[in-house]
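Below are the chains, spelled out letter by letter.
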Amino acid sequence: MFWQAQNLLLFFLNCVFATASGSIDGICLPAGNKALPVNLSVDCDDAVSSFNRIIASLPGGRNSFGGAVLSAIDGETYTNATKQYASARVVTAPSFIVQATNQSDVQAAIMFAAHCEYKVTARSGGHSYMGSSSCDGSETPCIQIDVGKINHITVNESLTGSKQVKVGPGVRLVDLYSVLIDNDIYIPAGECGGVGVGGHMQTGGFGIFGRSLGRFNSHITSFDIILADGSLVSVSSPQKKYTNKFNDDIWYAVIGGASGSFGVIVDVTFNPIDEQKYSAFSWEVFYFYSDTTKHCIINMFREFAYMLGDEKFTNDSRWNLMFTLSGSKTYLFPTLKSLTFNSVQLDFTWVASGSSGGRETFSEAQAIYDRLHNAFTFQGNDSRCITLDQYFEMSGLGELGKTRFSSTYANAADAKPMSVLHKEVTLVDWGALGFEERGVPFKSSYQQGPNYPRADDLLKVFDLIDALMPKNPQTDERFVIAQIGPLIGPLKSVRNVAQPFQDDVFGVIVDVWSFDGDDYSQRLRELQDMVISSVGGVDHRTFWGAYEDICLECGAWKKYYESRSKYDRLKKIKGCVDPDNLFKFRMSIPVMKKNSSKSEKRGISDRSEPL
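One structure accompanies this document, and this report is about it. Computed from a predicted structure; not experimentally measured.

About the thresholds
The numbering scheme is per chain: residues are counted from 1 as the chain's sequence reads. Only residues with pLDDT of at least 70 are given local features in this predicted model, and only at 80 or more are side-chain atom pairs given and counted; all residues enter the totals for whole chains, interfaces and linings. Neither water nor hydrogens contribute to the side-chain values; these are computed over all heavy atoms in the structure. By the convention used here, strands pair only if DSSP detects at least 2 bridges between them. Only DSSP runs of H or I covering at least 4 residues are called helices, and only runs of E covering at least 2 are called strands; the numbering of each starts at the N terminus. Helix axes are fitted only over the stretch in contact, all axes being lines through C-alpha atoms; the angle between N-to-C directions runs from 0 to 180 degrees. A contact between two residues is defined here by any heavy atoms of the two lying within 4.5 Å. The span expected for a helix works out to 1.5 Å for each residue beyond the first. Buried means the residue's accessible area, taken with a 1.4 Å probe over protein chains only, is under 20% of the maximum for its type, while exposed means over 50%, and partly exposed covers the values in between. We call a set of buried residues a nonpolar core when its members are Ala, Val, Leu, Ile, Met, Phe, Trp, Tyr or Cys and they connect through side-chain atoms within 4.5 Å of each other. Centre distance within 6.5 Å is the pairing criterion for rings of Phe, Tyr and Trp, where only the six-membered ring of Trp is used; planes under 30 degrees apart are then read as stacked, over 60 as edge-to-face, and the remainder as tilted. Remark: a charge is flagged as sitting over a ring if the NZ atom of Lys or the CZ atom of Arg is within 6 Å of the ring centre and within 35 degrees of the ring normal. Sulfur atoms of two cysteines make up a disulfide when they are within 2.5 Å.

Some remarks on the sheet that holds strand 4 (residues 142-146)
Taken together, 4 strands build an open sheet; the order of strands is 1-2-4-3 and the sheet is mixed. Looking at the sheet topology across the chains shown, the edges are occupied by strand 1 (68-70) and strand 3 (119-123). Each strand of the sheet is rotated relative to its neighbour by a mean of 20°, with strand direction disregarded. One ladder, built from 4 bridges, connects strand 2 (residues 96-99) with strand 4; its direction is parallel. By the bridge assignment for strand 4, Ile-97 is matched with Gln-144. Against the sheet, helix 4 (residues 103-116) engages strand 2, strand 3 and strand 4, with an angle of about 175° to strand 4.

See the structure below:
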């Protein structure tokens, strides 16, 4: 009875929100400035005063604007606020930045932008590779709404003991995990600690426990979003009989469609995983990578490819594995400048159901790790194949190395909460490198596909990555990082969302930061071609790691969506909730424009033009 009452309430609330926004069952919303009250005075040259007047007119809104507005006249404060992960690659110079502190601030900024003919982009953490969370005001007047200060985290517990987590879009993963640890719950996510929830939940969120427990956004139950007309809409996971088409379309588009294209997220609710229901173990081992150990790495990758050829192995969702190849680690830690080394980091985790499941199955996990480690060391018979721990000991810097690159090995008596393992082992703060501030040229590549690579192909991929690696990290002026490994695949795919390529099983990503100013584009293209050939002959990419071909309407959509029908559906939804294309930026979904009444009758035409 409790759940029936809850579902009826959910149905009622969805109808209310949809009707309040001027839409139900697919009827489109009013466009941008039509949402402003007729008698409301907005001065496009005075944003703060206008924000205050707009907020005062909102039902239940605050009395005044609680955030800050920055423009180029604010000097260093503005410049620092524009910097993000992609600053070395694209121009991030919005006309001005709105640092919002609550949903009313966001509503005011959106309604002001629509009235004064600015485009809008939203930023939660600023980790988009192509700078989609910012814009260039010299090209088109634009406002960057920074929701980094909307960073609330609330854990609620029901009468039955289950928990829900309400999170602001500005919460960074590293801070979220601190709360999850305190509450003995877990939500799988990516590996970059500085990523903001608002963008992460729209692009996927694949991490070290992903094969076992799914993506970050597969655990969302609802979210609040501010649309182009300034309305606040609560969107729930689609449920037959209890949610309407408008709700379900926005849900579909926001989760995986193209982050920030449909509105600004101001709240997200998750159903976390109860840590008590699982046992987890983790191995994080750093291997010394140089010309003297290259054959060791090749042998380990060859063995891994053989393992991927075993269907019984790949159908087992308990294991998760990622190889990270790092070139020029000395750029991270100047105290190690006297050493010359690259490394291969093996992250291997094992998740078993039940509090005792880990101990009962630990030997299976250990056997997988041992197989890879023994391949690296040639069954212990090659003394040149060493870990970084051993390398530091041999160099007389054992203690110093242990503080930075100490390997960790699981044991059967030491199962740990997944949130602890995720935070301590895999979360990395790439922003701490300061590459954005240093203006270092940045190139990247990311391909994934539906097939596992054969051994010969994987070794060719490794050879091309090896060619990019600095041979002498003291003198080769670049930092290279590559990640190679299995993806979630069909094991944990989610329905009713636009999340693309959920059946892909393998991916390779490479970042090159060039301190010497050299252009590594051609080498990366050769690598891209090889990866594409290895994983199924398809060029599949992700929005968070987008690069180069970013004009969706010029044909790049094929690299980010499985089908024209999916892309066209997103354009249609965009035209419904944002007909004036207020949320327009690099790689945003365009608005569909129909050419004729004939195309209207037959459905969405491939000849449709973007606005």
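What to know about helix 9 (residues 294-308)
Compared with an ideal rise of 1.5 Å per residue, which puts 15 residues at 21 Å, helix 9 spans 21 Å between its outermost C-alpha atoms and is within 8% of the ideal. Residues of helix 9 that are buried include every one of Cys-296, Ile-297, Ile-298, Asn-299, Met-300, Phe-301, Phe-304, Ala-305, Met-307 and Leu-308, and no others.

Topic: the side chain of Ser-326
Secondary-structure assignment places Ser-326 in strand 13 (residues 319-327). Judged by relative accessible area, Ser-326 falls into the buried class, the value being 2%. With residues near it in sequence (within four places) discarded, Ser-326 still touches Asn-342, Ser-343, Met-469, Val-480 and Ile-481.

Observations regarding the nonpolar core
For soluble globular proteins, nonpolar side chains are generally found buried alongside one another. In this structure, Leu-176, Phe-209, Phe-216, Phe-223 and Tyr-561 are the most contacted members of the largest nonpolar core, which totals 62 residues. Setting aside chain neighbours within four positions, we find Leu-176 in contact with Ile-153, Val-165, Val-167, Val-171, Val-197 and Phe-216. Counting residues in hydrophobic clusters, the runner-up holds 54 residues, among them Ile-297, Phe-304, Trp-350 and Val-508.

Examining the packing of aromatic side chains
This model, assessed by the stated rule, comprises 28 aromatic pairs. With a centroid separation of 5.6 Å and an interplanar angle of 80°, the aromatic rings of Tyr-186 and Phe-209 are classed as edge-to-face. With Tyr-186 in strand 7 (residues 185-186) and Phe-209 in the loop between helix 6 (197-203) and helix 7 (210-213), the pair connects residues that are 23 residues apart, well separated along the chain. With respect to class, Tyr-186 is no different from Phe-209; both count as buried. With a centroid separation of 5.6 Å and an interplanar angle of 20°, the aromatic rings of Trp-283 and Phe-362 are classed as stacked. Linking Trp-283 in strand 12 (residues 278-289) with Phe-362 in helix 11 (residues 357-377), this pair joins segments that are 79 residues apart in sequence. On the accessibility criterion, Trp-283 (1% relative accessible area) is buried. Aromatic rings pair up to connect Phe-281, Trp-283, Phe-348, Phe-362, Tyr-369 and Tyr-409 into one cluster. The ring of Trp-319 carries the charged tip of Arg-211 above its face, separated from the ring centre by 3.8 Å.

Points about the state of the cysteines
Taken as a whole and judged by the stated rule, the model has 4 disulfides. Residue pairing for Cys-135: its cysteine sulfur links by disulfide to Cys-142, the two sulfurs lying 2.2 Å apart. Between Cys-135 and Cys-142 the sulfur-sulfur dihedral comes to about 95°; the bridge is accordingly right-handed. The residues Cys-135 and Cys-142 share a single accessibility class, namely buried. One disulfide in the model links Cys-551 with Cys-554; its S-S distance is 2.1 Å. Taking the sign of the torsion about the S-S bond as the criterion, the disulfide between Cys-551 and Cys-554, at about 60°, is right-handed. Residue class for Cys-554 comes out exposed when judged on its relative accessible area of 64%.

Any link to function would need more than the numbers given here.
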